[in-house]
Amino acid sequence: MSAVKEARYNVLKPYLGKVQHAIGSINSPMQCMMKGICAQCLCKHVDAESGKEYFVYSCYNQDQDLDKVDFPHLNARLRQNSVQEKLSNLWLDYLLLKQQA
Ligand code: FES
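Okay, so let's go over this structure. (Residues numbered from 1 in each chain as written. Predicted model: local features only at pLDDT ≥ 70, side-chain atom pairs only at ≥ 80, totals over all residues.)

Points about the overall build of the protein chain
Assigned secondary structure in the protein chain consists of three helices and four strands. Ordered by position in the sequence, the α and β elements of the protein chain form the string α-α-β-β-β-β-α. Here the C-alpha atoms of the protein chain give a radius of gyration of 18 Å, more than 25% beyond the 13 Å that 2.2 N^0.38 yields for 101 residues. Burial status across the protein chain gives 9% buried among its 101 residues. (Helix = DSSP H or I, 4+ residues; strand = E, 2+ residues; numbered from the N terminus. Rg over C-alpha atoms; globule rule 2.2 N^0.38 Å. Buried ≥ 20, exposed ≤ 12 C-beta atoms within 10 Å, placed from the backbone.)

Things to note about unusual backbone geometry
Unusually for a residue other than glycine, K35 sits at a positive phi of about 55°. Here K35 shows up in the loop between β1 (23–25) and β2 (42–46). Using a count of 11 C-beta atoms within 10 Å as the deciding quantity, one classes K35 as exposed.

A few points about the pairing of β2
Bridging between β2 and strand β3 (residues 53–57) involves five bridges; their strand directions are antiparallel. Each bridged residue has a counterpart across the sheet, and for V46 the counterpart in β3 is E53. Where β2 folds back onto β3 in an antiparallel hairpin, the turn is made up of six residues, including G51, whose phi is positive at roughly 80°. (Pairing = 2+ DSSP bridges.)

Pasting the structure below:
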């Protein structure tokens, strides 16, 4: 979605004419899917005009304004989850090996 956001202002601009409002499905990490309970899905937005930062629950609305989503922040959150998933897999492998011994 970040590439789509950028393309609208670069390679696609001659075809789009005036840049249109764009909505994209944001794939942020999720846990409870209960719209505001665990906050695992928090997604940082930045208002381009005022520069004001705020957070939204992606499980409440995955379809978000592409021009407001802070994609570097989203990428960092996804990579953080990746580390936790790898550690969980290593721990599970260890426990399964220990059980077989
Ligand atoms: S996934 Fe838990 S509040 Fe959104």
